[in-house]
Amino acid sequence: MSPPPREMLGPCQEKAGFLFAHDCPRPATQRCAQCDKPICAEHGHPWNGQQICTGCFKATRQEEAQASKFRRAPEGVDDDPYLYSSYYYRGYGYYDHGYWGHDILNDPNDFTEADGLPLRQRARDRREFEEDMGGS
Amino acid sequence: MAVDVEQFRKERIYRAQAPCTQVSEELQHLGDLDRVHEKKELRTHSVGVLSMIGSLPVGFIGLAMSDEESGPSLLLWMGVLMFFGGLVSFLMSKRYKRLNLENRRYELASRVVGLLRADMAPEEPVTLELDLREDSHPDKYQNESRTPSGWKVRHYLDPWLSLQARLLDGTHLRLEMTERLQLRSRTKTNARGKTKYQNKRLSDAFLRVRLRVKPERYQHLGRIGSRAQGAVQVMTGTQLEDLTVEADRVDMTLYLGNPWSAGNEPRPNPETRSTGPTPLNGQRVVATALLSLYQILNLSRALDKKAVHSRAG
(Lines give C-alpha, C1' and ligand atoms only; values in the text may rest on other atoms or scores of the structure.)
Protein backbone atom coordinates (compact mmCIF):
# COMPACT_ATOMS: atom_id res chain seq x y z
CA MET A 1 0.00 0.00 0.00
CA SER A 2 1.48 3.35 -1.01
CA PRO A 3 1.63 6.09 1.64
CA PRO A 4 -1.03 8.80 1.39
CA PRO A 5 0.01 11.95 -0.47
CA ARG A 6 1.55 14.74 1.61
CA GLU A 7 -1.30 17.20 0.91
CA MET A 8 -3.70 14.84 2.63
CA LEU A 9 -1.69 14.84 5.86
CA GLY A 10 -1.47 18.62 6.35
CA PRO A 11 0.86 20.13 8.93
CA CYS A 12 2.72 18.06 11.54
CA GLN A 13 0.54 17.64 14.63
CA GLU A 14 3.35 16.96 17.13
CA LYS A 15 4.08 19.81 19.54
CA ALA A 16 7.31 18.56 21.12
CA GLY A 17 10.33 20.88 20.94
CA PHE A 18 13.80 20.91 22.45
CA LEU A 19 13.26 23.67 25.02
CA PHE A 20 9.51 24.30 24.88
CA ALA A 21 6.40 22.87 23.26
CA HIS A 22 5.13 24.64 20.14
CA ASP A 23 3.29 23.99 16.90
CA CYS A 24 5.56 22.29 14.41
CA PRO A 25 6.12 24.49 11.33
CA ARG A 26 6.90 21.51 9.04
CA PRO A 27 4.43 19.57 6.89
CA ALA A 28 3.56 16.03 7.92
CA THR A 29 5.13 13.28 5.86
CA GLN A 30 3.84 10.21 7.69
CA ARG A 31 1.49 9.02 10.40
CA CYS A 32 2.49 7.82 13.86
CA ALA A 33 2.23 4.02 13.87
CA GLN A 34 0.69 4.13 17.36
CA CYS A 35 -1.67 7.10 17.57
CA ASP A 36 -2.10 7.74 13.81
CA LYS A 37 -1.21 11.42 14.24
CA PRO A 38 0.27 13.11 11.13
CA ILE A 39 3.94 13.88 11.86
CA CYS A 40 6.95 15.27 10.02
CA ALA A 41 10.17 13.32 9.43
CA GLU A 42 11.91 15.03 12.37
CA HIS A 43 9.22 14.10 14.85
CA GLY A 44 9.31 10.45 13.78
CA HIS A 45 11.30 8.06 15.97
CA PRO A 46 12.11 4.49 14.98
CA TRP A 47 10.50 1.91 17.20
CA ASN A 48 10.11 -1.80 16.38
CA GLY A 49 10.65 -1.11 12.70
CA GLN A 50 7.98 1.60 12.63
CA GLN A 51 7.97 5.38 13.00
CA ILE A 52 6.14 6.79 16.01
CA CYS A 53 5.64 10.35 17.24
CA THR A 54 7.70 11.92 20.06
CA GLY A 55 4.84 11.67 22.57
CA CYS A 56 4.25 7.96 21.92
CA PHE A 57 7.99 7.27 21.88
CA LYS A 58 8.46 8.90 25.29
CA ALA A 59 5.48 7.03 26.74
CA THR A 60 6.71 3.71 25.35
CA ARG A 61 10.22 4.28 26.66
CA GLN A 62 8.82 5.22 30.06
CA GLU A 63 6.89 1.96 30.25
CA GLU A 64 9.97 0.03 29.25
CA ALA A 65 12.07 1.89 31.80
CA GLN A 66 9.59 1.12 34.58
CA ALA A 67 9.75 -2.55 33.68
CA SER A 68 13.56 -2.66 33.70
CA LYS A 69 15.88 -1.96 36.59
CA PHE A 70 17.99 0.73 34.94
CA ARG A 71 16.92 3.69 32.89
CA ARG A 72 19.33 4.14 30.04
CA ALA A 73 19.12 6.69 27.26
CA PRO A 74 18.45 4.96 23.93
CA GLU A 75 20.87 5.20 21.04
CA GLY A 76 20.83 8.52 19.21
CA VAL A 77 19.26 10.60 22.01
CA ASP A 78 22.26 12.96 21.96
CA ASP A 79 21.36 14.03 18.45
CA ASP A 80 17.61 14.10 18.99
CA PRO A 81 16.52 17.46 20.44
CA TYR A 82 12.98 16.23 21.15
CA LEU A 83 14.13 13.60 23.63
CA TYR A 84 16.97 15.51 25.25
CA SER A 85 15.12 16.96 28.23
CA SER A 86 13.59 13.57 29.12
CA TYR A 87 16.95 11.93 29.57
CA TYR A 88 19.40 14.64 30.55
CA TYR A 89 17.42 17.06 32.72
CA ARG A 90 15.79 15.67 35.84
CA GLY A 91 12.27 17.01 36.36
CA TYR A 92 12.16 19.21 33.27
CA GLY A 93 8.86 21.10 33.07
CA TYR A 94 7.85 19.90 36.56
CA TYR A 95 6.81 22.64 38.99
CA ASP A 96 4.60 20.87 41.47
CA HIS A 97 5.07 20.64 45.23
CA GLY A 98 8.29 19.08 46.39
CA TYR A 99 10.25 20.63 43.56
CA TRP A 100 12.38 23.77 43.89
CA GLY A 101 9.58 26.00 42.78
CA HIS A 102 6.85 24.85 45.10
CA ASP A 103 7.05 27.82 47.46
CA ILE A 104 7.31 30.24 44.57
CA LEU A 105 3.98 29.02 43.25
CA ASN A 106 2.37 30.60 46.29
CA ASP A 107 2.68 34.35 46.01
CA PRO A 108 2.92 35.77 49.57
CA ASN A 109 1.25 38.97 48.35
CA ASP A 110 -1.59 37.10 46.68
CA PHE A 111 -5.15 37.36 48.07
CA THR A 112 -6.37 34.45 50.16
CA GLU A 113 -9.84 33.50 51.39
CA ALA A 114 -9.09 35.28 54.68
CA ASP A 115 -8.84 38.55 52.74
CA GLY A 116 -12.42 38.19 51.51
CA LEU A 117 -14.25 39.38 54.63
CA PRO A 118 -12.27 42.60 55.28
CA LEU A 119 -12.41 43.47 51.58
CA ARG A 120 -16.17 43.01 51.46
CA GLN A 121 -16.55 44.95 54.69
CA ARG A 122 -14.48 47.85 53.34
CA ALA A 123 -16.40 47.87 50.06
CA ARG A 124 -19.68 47.88 51.99
CA ASP A 125 -18.53 50.78 54.17
CA ARG A 126 -17.52 52.79 51.14
CA ARG A 127 -20.57 51.63 49.21
CA GLU A 128 -18.28 50.53 46.35
CA PHE A 129 -20.19 47.40 45.38
CA GLU A 130 -23.86 46.86 45.09
CA GLU A 131 -24.65 43.80 47.14
CA ASP A 132 -28.42 43.94 47.08
CA MET A 133 -28.95 42.42 43.65
CA GLY A 134 -32.69 42.21 44.07
CA GLY A 135 -32.95 45.98 44.33
CA SER A 136 -31.86 46.68 40.73
CA MET B 1 25.85 30.21 -0.19
CA ALA B 2 28.72 27.78 0.34
CA VAL B 3 31.81 28.42 2.43
CA ASP B 4 34.24 30.77 0.69
CA VAL B 5 37.19 28.42 0.97
CA GLU B 6 39.84 30.94 -0.11
CA GLN B 7 38.59 33.55 2.37
CA PHE B 8 38.38 30.94 5.10
CA ARG B 9 41.95 29.73 4.41
CA LYS B 10 43.17 33.28 4.95
CA GLU B 11 41.13 34.12 8.05
CA ARG B 12 40.27 30.74 9.58
CA ILE B 13 37.15 32.36 11.00
CA TYR B 14 33.80 31.00 9.90
CA ARG B 15 30.99 33.57 9.75
CA ALA B 16 27.44 32.82 8.73
CA GLN B 17 23.98 34.28 8.91
CA ALA B 18 21.76 31.62 7.42
CA PRO B 19 19.06 29.09 8.29
CA CYS B 20 20.11 26.16 10.48
CA THR B 21 20.04 23.59 7.67
CA GLN B 22 22.45 25.68 5.61
CA VAL B 23 24.78 26.34 8.54
CA SER B 24 24.82 22.61 9.35
CA GLU B 25 25.71 21.80 5.74
CA GLU B 26 28.49 24.40 5.70
CA LEU B 27 29.94 23.10 8.96
CA GLN B 28 29.81 19.62 7.50
CA HIS B 29 31.73 20.95 4.49
CA LEU B 30 34.31 22.56 6.82
CA GLY B 31 34.71 19.20 8.55
CA ASP B 32 35.32 17.49 5.21
CA LEU B 33 37.92 20.12 4.28
CA ASP B 34 39.59 19.67 7.66
CA ARG B 35 39.81 15.91 7.21
CA VAL B 36 41.46 16.42 3.80
CA HIS B 37 44.00 18.80 5.36
CA GLU B 38 44.67 16.39 8.22
CA LYS B 39 45.44 13.60 5.75
CA LYS B 40 47.63 15.85 3.62
CA GLU B 41 49.51 17.08 6.67
CA LEU B 42 50.22 13.52 7.79
CA ARG B 43 51.25 12.43 4.30
CA THR B 44 53.58 15.35 3.61
CA HIS B 45 55.13 15.02 7.07
CA SER B 46 55.80 11.30 6.51
CA VAL B 47 57.26 11.99 3.06
CA GLY B 48 59.45 14.73 4.58
CA VAL B 49 60.78 12.46 7.34
CA LEU B 50 61.47 9.55 4.96
CA SER B 51 63.15 11.80 2.38
CA MET B 52 65.37 13.44 4.98
CA ILE B 53 66.39 10.12 6.54
CA GLY B 54 66.88 8.50 3.13
CA SER B 55 68.91 11.41 1.79
CA LEU B 56 71.72 10.82 4.33
CA PRO B 57 72.83 7.26 3.34
CA VAL B 58 72.16 7.94 -0.34
CA GLY B 59 74.17 11.15 -0.15
CA PHE B 60 77.08 9.50 1.70
CA ILE B 61 77.24 6.55 -0.69
CA GLY B 62 77.01 8.98 -3.59
CA LEU B 63 79.84 11.05 -2.08
CA ALA B 64 82.00 7.95 -1.65
CA MET B 65 81.37 6.93 -5.26
CA SER B 66 82.24 10.37 -6.63
CA ASP B 67 85.72 11.10 -7.80
CA GLU B 68 87.50 14.10 -9.28
CA GLU B 69 87.50 12.74 -12.81
CA SER B 70 83.86 11.83 -13.31
CA GLY B 71 82.51 14.47 -10.91
CA PRO B 72 79.60 14.00 -8.47
CA SER B 73 77.89 10.62 -8.88
CA LEU B 74 74.20 10.20 -9.72
CA LEU B 75 73.57 8.91 -6.19
CA LEU B 76 74.95 12.12 -4.70
CA TRP B 77 72.56 14.13 -6.84
CA MET B 78 69.74 11.84 -5.73
CA GLY B 79 70.70 12.40 -2.10
CA VAL B 80 70.67 16.18 -2.57
CA LEU B 81 67.35 15.96 -4.39
CA MET B 82 65.83 13.85 -1.60
CA PHE B 83 67.08 16.32 1.00
CA PHE B 84 65.46 19.28 -0.74
CA GLY B 85 62.34 17.20 -1.47
CA GLY B 86 62.12 16.51 2.26
CA LEU B 87 62.47 20.20 3.02
CA VAL B 88 59.66 21.08 0.61
CA SER B 89 57.48 18.35 2.15
CA PHE B 90 58.05 19.80 5.62
CA LEU B 91 57.11 23.26 4.42
CA MET B 92 53.93 21.88 2.82
CA SER B 93 53.15 19.93 5.99
CA LYS B 94 53.47 23.15 8.00
CA ARG B 95 51.05 24.86 5.62
CA TYR B 96 48.50 22.05 6.02
CA LYS B 97 49.02 22.08 9.79
CA ARG B 98 47.92 25.70 9.81
CA LEU B 99 44.67 24.62 8.13
CA ASN B 100 44.20 21.63 10.42
CA LEU B 101 41.30 22.86 12.55
CA GLU B 102 40.36 21.91 16.07
CA ASN B 103 37.60 19.37 15.36
CA ARG B 104 35.71 19.80 18.61
CA ARG B 105 34.95 23.46 17.83
CA TYR B 106 33.07 23.04 14.59
CA GLU B 107 31.58 19.74 15.80
CA LEU B 108 30.15 21.41 18.91
CA ALA B 109 28.76 24.32 16.87
CA SER B 110 27.14 21.87 14.47
CA ARG B 111 25.59 19.86 17.31
CA VAL B 112 24.21 22.96 19.03
CA VAL B 113 22.70 24.24 15.78
CA GLY B 114 21.17 20.78 15.32
CA LEU B 115 19.47 21.04 18.73
CA LEU B 116 18.26 24.62 18.30
CA ARG B 117 16.74 23.77 14.92
CA ALA B 118 13.91 22.05 16.78
CA ASP B 119 12.75 25.38 18.25
CA MET B 120 13.34 27.67 15.29
CA ALA B 121 11.33 28.49 12.19
CA PRO B 122 12.85 26.73 9.15
CA GLU B 123 13.80 30.01 7.43
CA GLU B 124 14.92 31.84 10.57
CA PRO B 125 18.64 32.69 10.28
CA VAL B 126 21.19 31.82 12.90
CA THR B 127 24.21 34.12 13.24
CA LEU B 128 27.35 32.16 13.90
CA GLU B 129 30.95 33.24 14.28
CA LEU B 130 33.45 30.48 14.80
CA ASP B 131 37.08 31.39 15.34
CA LEU B 132 39.05 28.31 14.30
CA ARG B 133 42.51 29.80 14.71
CA GLU B 134 44.72 28.14 17.33
CA ASP B 135 44.12 29.30 20.91
CA SER B 136 47.69 30.64 21.16
CA HIS B 137 47.29 32.86 18.10
CA PRO B 138 49.08 36.23 18.58
CA ASP B 139 45.74 38.07 18.31
CA LYS B 140 44.55 36.26 21.44
CA TYR B 141 47.58 37.12 23.56
CA GLN B 142 46.70 39.09 26.70
CA ASN B 143 49.69 39.52 28.98
CA GLU B 144 52.53 37.81 30.78
CA SER B 145 53.08 37.11 34.47
CA ARG B 146 55.26 35.13 36.85
CA THR B 147 54.16 32.72 39.54
CA PRO B 148 55.90 32.43 42.96
CA SER B 149 57.19 29.02 41.91
CA GLY B 150 59.08 30.59 39.01
CA TRP B 151 56.80 29.83 36.07
CA LYS B 152 56.71 32.43 33.34
CA VAL B 153 53.08 32.51 32.22
CA ARG B 154 51.75 33.77 28.91
CA HIS B 155 47.99 34.40 29.08
CA TYR B 156 45.65 34.03 26.09
CA LEU B 157 41.93 34.70 25.85
CA ASP B 158 40.03 33.09 23.02
CA PRO B 159 36.35 33.99 22.57
CA TRP B 160 35.95 31.44 19.78
CA LEU B 161 32.21 30.85 19.61
CA SER B 162 29.38 33.33 19.22
CA LEU B 163 25.93 32.19 18.20
CA GLN B 164 22.74 34.21 18.02
CA ALA B 165 19.26 33.06 17.08
CA ARG B 166 15.61 33.92 17.50
CA LEU B 167 13.48 31.05 18.73
CA LEU B 168 9.85 30.36 17.88
CA ASP B 169 8.57 31.95 21.11
CA GLY B 170 10.29 35.25 20.20
CA THR B 171 13.19 34.74 22.60
CA HIS B 172 16.56 35.99 21.42
CA LEU B 173 19.34 33.58 22.28
CA ARG B 174 23.00 34.47 22.51
CA LEU B 175 25.57 31.84 23.27
CA GLU B 176 29.29 32.48 23.71
CA MET B 177 32.18 30.26 24.61
CA THR B 178 35.57 31.59 25.65
CA GLU B 179 38.72 29.61 26.33
CA ARG B 180 41.48 30.77 28.63
CA LEU B 181 44.94 29.47 28.01
CA GLN B 182 48.11 29.66 30.05
CA LEU B 183 51.40 28.66 28.46
CA ARG B 184 53.84 28.14 31.31
CA SER B 185 57.57 27.69 31.03
CA ARG B 186 60.53 27.70 33.42
CA THR B 187 64.09 26.48 33.72
CA LYS B 188 64.91 24.61 36.88
CA THR B 189 68.30 23.63 38.23
CA ASN B 190 68.29 20.63 40.53
CA ALA B 191 70.64 19.84 43.45
CA ARG B 192 73.09 18.08 41.13
CA GLY B 193 73.39 21.18 38.99
CA LYS B 194 71.41 19.80 36.07
CA THR B 195 69.27 22.42 34.35
CA LYS B 196 65.89 21.36 33.02
CA TYR B 197 63.52 23.27 30.80
CA GLN B 198 59.87 22.64 31.64
CA ASN B 199 56.72 23.81 29.96
CA LYS B 200 53.06 23.11 30.42
CA ARG B 201 49.75 24.20 29.11
CA LEU B 202 46.69 24.94 31.25
CA SER B 203 43.30 25.81 29.87
CA ASP B 204 39.72 26.25 31.01
CA ALA B 205 36.58 27.67 29.44
CA PHE B 206 33.51 29.77 30.11
CA LEU B 207 30.13 29.27 28.55
CA ARG B 208 27.74 32.21 28.62
CA VAL B 209 24.11 31.83 27.57
CA ARG B 210 21.79 34.82 27.43
CA LEU B 211 18.09 34.81 26.65
CA ARG B 212 16.29 38.07 26.00
CA VAL B 213 12.57 37.45 26.31
CA LYS B 214 9.31 39.26 25.77
CA PRO B 215 8.35 40.47 29.26
CA GLU B 216 4.64 40.17 28.45
CA ARG B 217 5.13 36.47 27.73
CA TYR B 218 7.11 35.78 30.89
CA GLN B 219 5.50 38.10 33.41
CA HIS B 220 6.87 36.56 36.60
CA LEU B 221 10.58 36.50 35.79
CA GLY B 222 11.36 39.46 38.01
CA ARG B 223 9.60 37.76 40.91
CA ILE B 224 11.58 34.54 40.52
CA GLY B 225 14.88 36.46 40.86
CA SER B 226 17.65 34.81 42.82
CA ARG B 227 15.55 31.76 43.66
CA ALA B 228 16.02 30.66 40.05
CA GLN B 229 19.31 29.10 41.05
CA GLY B 230 17.34 26.11 42.29
CA ALA B 231 16.33 25.29 38.74
CA VAL B 232 19.83 25.20 37.43
CA GLN B 233 21.31 21.79 36.84
CA VAL B 234 24.95 21.69 35.86
CA MET B 235 27.04 18.76 34.79
CA THR B 236 29.81 17.40 37.00
CA GLY B 237 32.98 19.23 36.03
CA THR B 238 31.19 22.53 35.47
CA GLN B 239 30.33 25.28 37.96
CA LEU B 240 27.70 27.96 37.90
CA GLU B 241 29.70 31.17 37.77
CA ASP B 242 26.86 33.64 37.47
CA LEU B 243 23.09 33.69 37.06
CA THR B 244 21.04 36.83 36.52
CA VAL B 245 17.27 36.82 36.18
CA GLU B 246 15.55 40.06 35.32
CA ALA B 247 12.12 40.92 33.95
CA ASP B 248 13.25 40.71 30.32
CA ARG B 249 16.31 38.47 30.34
CA VAL B 250 18.09 35.53 31.90
CA ASP B 251 21.84 35.29 31.76
CA MET B 252 24.00 32.38 32.84
CA THR B 253 27.75 31.80 32.90
CA LEU B 254 29.24 28.37 33.45
CA TYR B 255 32.84 27.57 34.23
CA LEU B 256 34.29 24.47 32.61
CA GLY B 257 37.32 23.43 34.62
CA ASN B 258 37.76 20.10 32.87
CA PRO B 259 38.76 19.61 29.27
CA TRP B 260 35.80 19.13 26.95
CA SER B 261 34.93 17.36 23.73
CA ALA B 262 32.10 18.05 21.29
CA GLY B 263 30.09 14.96 22.17
CA ASN B 264 30.49 11.66 23.93
CA GLU B 265 34.09 10.52 23.94
CA PRO B 266 34.52 6.80 23.26
CA ARG B 267 35.11 4.88 26.47
CA PRO B 268 38.82 4.55 27.20
CA ASN B 269 40.36 1.13 26.78
CA PRO B 270 40.71 -0.34 30.31
CA GLU B 271 44.09 -1.78 29.33
CA THR B 272 45.53 1.62 28.49
CA ARG B 273 45.82 3.93 31.44
CA SER B 274 44.33 7.32 30.77
CA THR B 275 45.73 10.37 32.49
CA GLY B 276 43.60 13.32 33.57
CA PRO B 277 39.87 13.70 33.96
CA THR B 278 37.34 12.41 31.41
CA PRO B 279 36.48 15.19 28.96
CA LEU B 280 33.11 16.87 29.42
CA ASN B 281 30.47 16.32 26.77
CA GLY B 282 30.28 19.85 25.35
CA GLN B 283 26.95 19.32 23.66
CA ARG B 284 25.39 18.18 26.91
CA VAL B 285 26.92 21.12 28.82
CA VAL B 286 25.34 23.59 26.39
CA ALA B 287 22.03 21.68 26.25
CA THR B 288 21.79 21.49 30.06
CA ALA B 289 22.49 25.23 30.32
CA LEU B 290 19.73 26.01 27.82
CA LEU B 291 17.30 23.63 29.51
CA SER B 292 18.10 25.22 32.89
CA LEU B 293 17.28 28.67 31.57
CA TYR B 294 14.07 27.46 29.98
CA GLN B 295 13.12 25.69 33.20
CA ILE B 296 13.15 29.19 34.73
CA LEU B 297 11.20 30.72 31.84
CA ASN B 298 8.66 27.88 31.87
CA LEU B 299 8.17 28.41 35.59
CA SER B 300 7.13 31.96 34.81
CA ARG B 301 4.58 30.56 32.34
CA ALA B 302 3.41 28.03 34.94
CA LEU B 303 2.80 30.90 37.37
CA ASP B 304 0.75 32.65 34.70
CA LYS B 305 -1.36 29.56 34.14
CA LYS B 306 -1.84 29.12 37.88
CA ALA B 307 -3.02 32.72 38.16
CA VAL B 308 -5.50 32.15 35.32
CA HIS B 309 -6.79 28.93 36.91
CA SER B 310 -7.15 30.47 40.35
CA ARG B 311 -9.08 33.41 38.85
CA ALA B 312 -11.29 31.00 36.92
CA GLY B 313 -11.76 28.87 40.08
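Residues numbered from 1 in each chain as written. Chains lettered and ligands numbered in written order. Predicted model: local features only at pLDDT ≥ 70, side-chain atom pairs only at ≥ 80, totals over all residues.

### Structural notes on the overall build of chain B
When its secondary structure is counted, chain B shows six helices and 10 strands. For chain B, the residues scored as buried account for 29% of the 313 residues in total. Of the contacts made within chain B by residues no fewer than 6 positions apart, 64% connect residues no fewer than 24 positions apart. (Helix = DSSP H or I, 4+ residues; strand = E, 2+ residues; numbered from the N terminus. Buried ≥ 20, exposed ≤ 12 C-beta atoms within 10 Å, placed from the backbone. Contact = placed C-beta atoms within 7 Å.)

### As for the pairing of strand S3 (residues 141–146) of chain B
Residues and elements named next belong to chain B. Of all six residues in S3, zero are buried; the element is thus mostly exposed. Sheet analysis places S3 next to strand S4 (residues 152–166), joined by five bridges and oriented antiparallel. Bridge assignment links Ser145 to a residue of S4, and that residue is Val153. Between S3 and S4, which pair antiparallel in sequence order, lie five residues; one of them, Gly150, sits at a positive phi of approximately 95°. (Pairing = 2+ DSSP bridges.)

### Topic: helix H3 (residues 81–88) of chain A
Counting buried positions over the eight residues of H3(A) gives six, a clear majority of the element. All of the buried residues in H3(A) are A:Pro81, A:Tyr82, A:Leu83, A:Tyr84, A:Ser85 and A:Ser86.

### What about the confidence of the model for chain A?
Looking at chain A as a whole, the pLDDT averages 76, with 62% of positions reaching at least 70. Averaged over each element, pLDDT in chain A is lowest for helix H1 (residues 6–9) of chain A (64) and highest for strand S2 (residues 38–39) of chain A (94). (pLDDT = per-residue confidence, 0-100.)

### Observations regarding the nonpolar core
Residue and element names in this part refer to chain B. Among the nonpolar cores identified, the biggest contains 65 residues, and Ala109, Leu116, Leu207, Ala289, Leu290, Leu293 and Ile296 are the most heavily contacted of them. Take this core: its biggest share by element is 12 residues, from helix H6 (residues 282–312). In contact with Leu207, other than residues within four places in its own chain, are Met177, Leu254, Leu256, Val285, Val286 and Ala289. (Core = buried A, V, L, I, M, F, W, Y, C linked by C-beta atoms within 7 Å.)

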